[in-house]
Each structure stands twice: as C-alpha cells, then as structure tokens.
Amino acid sequence: MFYGHYDKQPHMTGWKEGLSPIEPVIQGDKAYGRGISDDGYCIFASIWIIKTLQILGIPHPKVVFLFEGDEESGSGHLPTYVELLKDKIGNPKVMLGLDSGCLNYENLWVTNSLRGVAILNMNVKIIKEGVHSGDASGIVPDTFRIIRELLERIEDTKTGTFNKDFQVNVPSDAYKQAEQVSKSASKDLFARFPFIEGTQPTEQDGLNAYLNRGWRPQLTVTGIDGLPPCEKAGNVLRPETNIKLSLRLPPILDNEKALKMLKEKLSKDPPYGAEITFSGEASAKGWYSKPF
C-alpha cells in the first residue's frame, strides 16, 4: 500500500522572490509551489513508480493507493473510509507512507520512526484583574515569570536537558542508524534550516543533533494569549497568561502517559499558589519500525 495526502498547509509567508504558493515554478531540476513536498508529489510518484516497473517488465504484487484530503486537519475521516474500503484494500504486507522528508537528494531515504506529541494549553492566573505594575510589582508575581518556573520542571533552559521521565533508551539499531547519518549527512542536517547570520543551533555535534530531532523530547511554545501588542502595552501587571505547549515525544514513549505526566508536573505545588488550568489537550503516538 502507498499512502499520501493531497491537502496542503496554508499559504504561509516567506516565499523567495520569483516563487509563489499559487504559481508553480521549475528552477533547475526542482519544482517549487505550495505543498509540493508535503505532500503534492505522492500521487504522481506512486503512479510513476508502478508504471516504471511495468515499462521495465519487472513484476510487482497487487498495489493499493490510499490518498486522502484531510491529513493536515488530523485525518479524522480516514478510519471511516478504511473500514468502508477494507474489502478492496485487503491485507497489505507492506505500507509505504509517502509523506516524510530527506536530508539530501544524493541518497535514498527511508523513515522508520517518528516522534509522538503531547499538546495542551496552560493558563496561569494569579489575581482577579489587571493592576498597575508600578504599584503591584514586587508584591504580585508576574504570571509569565511563573510560567518560566513551571517550564523549568520540564526542560532546563541552560542545558536543554529534559526531565528523565520523558526520556527513553534509544534502541541499538536506531542509535547505529543515527551514527551513520551523522557521518554521511551531518552538514545537511543543519543546512536545511534558515538560521540568520551569526546564530547557531542548540547542538553542533551531528550525532546529538540527530538524536535530539528524532529520539529525545523537545518542548516548543507555539502560542500565547494574554499579552497585548507592544504598541498597545501599558504599565499593567496582567492577571493571567495562557500558552500553548507542544511536547515532541520519543517514538516509543506512551503518548497518553506523557500527557498525564506533563499536566502533573506543571500543576503540582505551583509557585505562589497560582491557579493552573488546562484546555485543548491532545496527544498522538509515536512510531518506530523495527528492522526488516
């Protein structure tokens, strides 16, 4: 079975001059446009792979193409269609998901693990209403400061070290693969991200960077409410702050257990007795394919 999706992410910003999300452009041997790599190529690639085998006279087993249009929204409809089409799908022995990435175009890449994720909104509240910072600061703790303290329970900001409860022992074969990739494509691992001049990655060693990206937990603040725009911000000590957290999980860590641990660690004995509430909780399993 070949899987892929034809829906796309929003247009986004940051397109280089001459490129556009709605006007496909070919430059050199590459095509540029909205969703070409995620995941617009999947239908054409799947058909061309089988057609190439047929042109070359190479036999192949029954192949099922499964393409959907809801992946970027969570694939909520997919299980229903898989159930409805189970007789046509049969029982595939191998499933290939054409929806991953690669570090370069010189090697053939196969993704055999993906991290899981735990997501939630955390609201921190300390007073009933906003007050003048010139009057209250030093007595009323700032909620952003409380959030900083809470997040330190999960990740050490100075070292990047994570709470041990979210870590796993990397399988030996996965570690060997990481070593191979770090030796052959270490530069590609860093070059794919648009660092501005003078900045550097969190980890400059190729092996550790690869393990960070694939097998170690990582925390990102993806949204925040309660802060006014800078041009409208006054001398107000705000009553509450709400942030959205995305915690990437090692592929073999139980996602539901991780989400529960995350809530417990963030809400237990909060600084200054602050009110901690959660919403928008969700999690997804990681995935790890053992060697064939």
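Up top you'll find the structure we're talking about.
Residues numbered from 1 in each chain as written. Predicted model: local features only at pLDDT ≥ 70, side-chain atom pairs only at ≥ 80, totals over all residues. Heavy atoms only, no water.

J.: I would appreciate a short explanation of the sheet that holds strand S4 (residues 65-68) in the present structure.
T.: The strands making up a sheet are joined through hydrogen bonds of the backbone, oriented either antiparallel or parallel. Across the sheet, three strands lie side by side as S4-S1-S5; this open sheet has parallel pairing. Lying at the two open borders of the sheet, with one neighbouring strand each, are S4 and strand S5 (96-97). As paired strands, strand S1 (residues 2-5) and S4 are joined by four bridges and run parallel to one another. Along S4, the bridge assignment pairs His5 with Glu68. Strands S1 and S4 of the sheet are contacted by helix H1 (residues 36-55), whose axis makes an angle of about 150 degrees with S1. (Pairing = 2+ DSSP bridges. Helix = DSSP H or I, 4+ residues; strand = E, 2+ residues; numbered from the N terminus. Contact = heavy atoms within 4.5 Å. Axes fitted to C-alpha atoms, helices over the stretch in contact; angles between N-to-C directions.)

J.: Help me out: how do you make sense of the pattern of salt bridges in this one?
T.: Opposite charge on two side chains lets them pair, provided their charged atoms get close. Considering all chains together, one arrives at six salt bridges under this definition. Notably, a salt bridge pairs Glu83 with Lys86, separated by 3.0 Å at the nearest N-O pair. On the basis of relative accessibility, which here comes to 45%, the residue Lys86 falls in the partly exposed class. Between Glu281 and Lys263 there is a salt bridge, with the nearest N and O atoms lying 2.9 Å from each other. You can see Glu281 sitting in strand S12 (residues 275-284) and its partner Lys263 sitting in helix H9 (residues 255-267), a full 18 residues away along the chain. For Glu281, a relative accessible area of 37% puts it in the partly exposed group. Judged by its relative accessible area of 25%, Lys263 falls in the partly exposed class. Here the salt bridges share partners, and the residues they tie into one network are Lys164, Asp165 and Lys265. (Salt bridge = Lys/Arg side-chain N within 4 Å of Asp/Glu carboxyl O. Buried < 20%, exposed > 50% of the residue type's maximum accessible area, 1.4 Å probe, protein only.)

J.: Just checking my understanding: could you explain the pairing of strand S7 (residues 116-125) for this structure?
T.: The side chains of a regular strand alternate between both faces of the sheet. Of all the 10 residues making up S7, eight are buried; the element is thus mostly covered by neighbouring parts of the structure. With 10 bridges connecting them, S7 and strand S11 (residues 240-249) associate as antiparallel partners. The residue of S11 that forms the bridge with Met122 is Ile243.

J.: It is not clear to me how the nonpolar core should be interpreted in this structure. Could you clarify?
T.: Looking at soluble globular proteins, one finds that nonpolar side chains tend to be buried together. Ranked by size, the top nonpolar core spans 25 residues in total, and within it Met122, Val124, Phe166, Leu247 and Leu266 carry the most contacts. Residue assignment for this core shows that the elements contributing at least two residues are S7, helix H5 (143-152), S11, H9 and S12. The biggest single contributor to this core is H9, with five residues. (Core = buried A, V, L, I, M, F, W, Y, C linked by side-chain atoms within 4.5 Å.)

J.: What exactly am I supposed to notice about unusual backbone geometry here?
T.: Peptide bonds are trans in most cases, and residues, glycine excluded, mostly fall at negative phi. The omega torsion of the bond from Asp38 to Asp39 falls at 10 degrees, within 30 degrees of zero and hence cis. Positioned with a positive phi, Asp269 is a non-glycine residue whose angle comes to about 45 degrees. When you line up the elements, Asp269 lands in the loop between H9 and S12. You can call Asp269 exposed: its relative accessible area is 60%. Positive phi is not limited to glycine here, since Tyr272 has a value of about 60 degrees. Mapping Tyr272 onto the fold places it in the loop between H9 and S12.

J.: Explain the packing of aromatic side chains here, please?
T.: When we look at a pair of aromatic rings, we describe it by the centre distance and by the angle of the planes. Evaluation of the coordinates by the stated rule reveals four aromatic pairs. On the numbers, 5.7 Å between centres and 35 degrees between planes, the contact of Phe65 with Phe67 is tilted. Judged by its relative accessible area of 34%, Phe65 is partly exposed. Accessibility expressed as a relative area gives 23% for Phe67, which makes it partly exposed. Considering the side-chain rings of Trp215 and Tyr288, the 5.3 Å spacing of their centres and the 80 degrees angle between planes classify their relative orientation as edge-to-face. Remark: Tyr288 occurs in strand S13 (residues 287-288) and Trp215 occurs in helix H8 (residues 206-215); sequence separation between them is 73 residues. Note on accessibility: Trp215 and Tyr288 belong to one class, buried. Here a set of aromatic residues connected by ring pairs shows up, and it is made of Phe2, Phe65 and Phe67. (Phe/Tyr/Trp six-rings, centres within 6.5 Å; stacked < 30°, edge-to-face > 60°.)

J.: It is not clear to me how a nonpolar patch on the surface should be interpreted in this structure. Could you clarify?
T.: On the surface, Trp48, Ile55, Leu56 and Ile58 cluster together into a nonpolar patch covering about 460 Å² of accessible area. Checked against the element boundaries, Ile55 lands in helix H1. On the basis of relative accessible area, Ile55 is assigned to the exposed category, the value being 55%. (Patch = residues over 30% accessible without salt bridge, like charges linked within 9 Å, V, L, I, M, F, W, Y side chains within 5 Å. Areas by Shrake-Rupley, 256 points an atom, 1.4 Å probe, with all protein chains shown as cover.)

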